[in-house]
Amino acid sequence: MEKNQIYDKFSAIIMEMQSVISETKEMRQLISTLMEENAELTIENEHLRNQMMTKKTAKKQPRLSKSRENLKKLYESGFHVCNASYGRRLDDGESCLECLDIIYGEGK
Ligand SMILES: [Zn+2]
């Protein structure tokens, strides 16, 4: 190998190393972008999952007819809606199975 050839070879190797370095930098940039995206998606995913869970639990409550909805409001504001005690006040924290059956029950 002549002196000139050695020098050229050296230059070529240095060029190659520089290109590897700049590619490595680009990759590092790409990785940090991907990690940011990943973090955002993780947060968004969690958010959506929470929304779905809230919808699911909301769906579990059967939809009440308008008249049952009214009875429910009345019951929640503290009055019996059952036949036995209709219109009578519920005691604090009292719940009445007959009222609940009329609001949520299977029967008519
Ligand atoms: Zn009642």
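Thresholds, definitions, all that
Residues numbered from 1 in each chain as written. Predicted model: local features only at pLDDT ≥ 70, side-chain atom pairs only at ≥ 80, totals over all residues. Heavy atoms only, no water. Helix = DSSP H or I, 4+ residues; strand = E, 2+ residues; numbered from the N terminus. Rg over C-alpha atoms; globule rule 2.2 N^0.38 Å. Buried < 20%, exposed > 50% of the residue type's maximum accessible area, 1.4 Å probe, protein only. Core = buried A, V, L, I, M, F, W, Y, C linked by side-chain atoms within 4.5 Å. Contact = heavy atoms within 4.5 Å. Donors = N, O, S within 2.8 Å, 3.2 Å for Na, K, Ca; no water. Tetrahedral: all angles 85-135°; square planar, octahedral: opposite > 155°, others 65-115°. Domains from an automatic or database assignment. Patch = residues over 30% accessible without salt bridge, like charges linked within 9 Å, V, L, I, M, F, W, Y side chains within 5 Å. Areas by Shrake-Rupley, 256 points an atom, 1.4 Å probe, with all protein chains shown as cover. Salt bridge = Lys/Arg side-chain N within 4 Å of Asp/Glu carboxyl O. Arc of directions from axis to C-beta.

(A) Seen up close, the overall build of the protein chain. Looking only at helices and strands, the protein chain features 3 helices and 0 strands. Going from N to C terminus, the protein chain has its helices and strands arranged as α-α-α. A compact globule built from 108 residues would reach a C-alpha radius of gyration of about 13 Å, whereas the protein chain, at 36 Å, exceeds it by more than 25%. Seen along its three principal axes, the alpha-carbon backbone of the protein chain occupies a region of about 115 × 30 × 20 Å. Counting all 108 residues of the protein chain, 14% fall into the buried class.

(B) Representation of the nonpolar core within the structure. Membership of the largest hydrophobic core is limited to 9 residues, which are L64, L71, Y75, V81, C82, L90, C96, C99 and I103. The set of elements that each furnish at least two residues to this core consists of helix 2 (66–76) and helix 3 (97–104). With residues up to four places along the chain from it excluded, the contact list for L71 reads V81, Y86, I102 and I103.

(C) A look at the coordination of the zinc ion. Bound to the zinc ion are the protein donor atoms H80 (ND1), C82 (SG), C96 (SG) and C99 (SG), situated 2.1 to 2.4 Å from the metal. What the 4 donor atoms of the zinc ion show is an angle range of 102 to 116 degrees at the metal, which sorts the shape as tetrahedral. Spacing between the donor residues of the zinc ion along the chain follows H-x1-C-x13-C-x2-C. Of this pair, H80 sits in the loop between helix 2 and helix 3 while C96 sits in the loop between helix 2 and helix 3; the two residues are 16 residues apart in sequence, bridging distant segments of the chain. One exposure class covers both H80 and C96, and it is buried.

(D) Quick look at the domain arrangement of the protein chain. According to the domain assignment, the protein chain contains domain 1 (1–61) and domain 2 (62–108). Between the C-alpha centres of domain 1 and domain 2 there is a distance of 60 Å.

(E) Representation of a nonpolar patch on the surface in the model. A contiguous nonpolar surface patch, about 290 Å² in accessible area, is contributed by I6, F10 and I14. Relative to the helices and strands, F10 resides in helix 1 (residues 3–60). Take F10: its relative accessible area is 53%, and that puts it in the exposed class.

(F) Local environment of helix 2. The complete set of buried residues in helix 2 reads R68, L71, K72 and Y75. Take helix 2 and look down its axis: the buried residues cluster within an arc of 105 degrees, on one side only. Counted as exposed and oriented over 90 degrees from the buried face of helix 2: K66 and K73. Looking one or two residues past helix 2, G78 carries a phi angle of roughly 105 degrees, positive in sign.

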